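Report on the structure
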Amino acid sequence: MIDEKVMVNDVLSSVKSSLTFYANTISECANPELRSAIQQIRNNDEASQYQLFQMAQAKGYYKPALMAKDDEIQQTKSQVTGQ
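Residues numbered from 1 in each chain as written. Predicted model: local features only at pLDDT ≥ 70, side-chain atom pairs only at ≥ 80, totals over all residues. Heavy atoms only, no water.

Here we come to the pattern of salt bridges. This model, assessed by the stated rule, comprises 2 salt bridges. In this structure, the salt-bridge partner of Glu4 is Lys59, at a minimum N-O distance of 2.9 Å. Of this pair, Glu4 sits in helix α1 (residues 4-27) while Lys59 is found in the loop between α2 (32-58) and α3 (70-81), placing the two residues 55 residues apart along the sequence. By relative accessible area, which is 34% here, Glu4 ends up partly exposed. (Salt bridge = Lys/Arg side-chain N within 4 Å of Asp/Glu carboxyl O. Helix = DSSP H or I, 4+ residues; strand = E, 2+ residues; numbered from the N terminus. Buried < 20%, exposed > 50% of the residue type's maximum accessible area, 1.4 Å probe, protein only.)

If you want it as structure tokens, here you go:
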């Protein structure tokens, strides 16, 4: 039997793939109504993914990367925006 940790990480991986698919589809969608519908689906999936992520993190199933320091964030922001 598959344990909960494996199932949770599998679902997280699957949702992350779906979110990438939605982003690509939205960026190429010419129909405003369809684009809006896909954006809503993506938003719902993002909310669900975040709840699952929080649960996985709380149970020790998922260890995110260390948080960046404020100066590292500002440096990256400056590089990206050119400011």
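What follows deals with the nonpolar core. Listed in full, the 6 residues of the largest apolar core are Val8, Leu12, Leu52, Phe53, Ala56 and Tyr61. Secondary structure elements with two or more residues in this core: α1 and α2. No other element matches the 3 residues that α2 contributes to this core. Filtering out sequence-adjacent residues up to four positions away, Val8 remains in contact with Leu52, Met55, Ala56 and Tyr61. Membership of the second largest hydrophobic core comes to 5 residues, among which are Val15, Tyr22, Ile26 and Ile38. (Core = buried A, V, L, I, M, F, W, Y, C linked by side-chain atoms within 4.5 Å. Contact = heavy atoms within 4.5 Å.)

Along its 27 residues, α2 runs 39 Å from first to last C-alpha, staying within 8% of the 39 Å computed at 1.5 Å per residue. Buried within α2 we find Ile38, Gln49, Leu52, Phe53 and Ala56. On its buried face, α2 sits against α1. Of the residues that open α2, the one with a side-chain oxygen 2.9 Å from the backbone nitrogen of Glu33 is Asn31. Immediately beyond the C-terminal end of α2, within one or two residues, lies Gly60, with a positive phi of roughly 80°. (Expected span 1.5 Å × (residues − 1). Polar contact = N/O pair within 3.5 Å; in protein donor to acceptor, adjacent residues only side chain to side chain.)

Function cannot be inferred from these measures alone, as they are strictly geometric.
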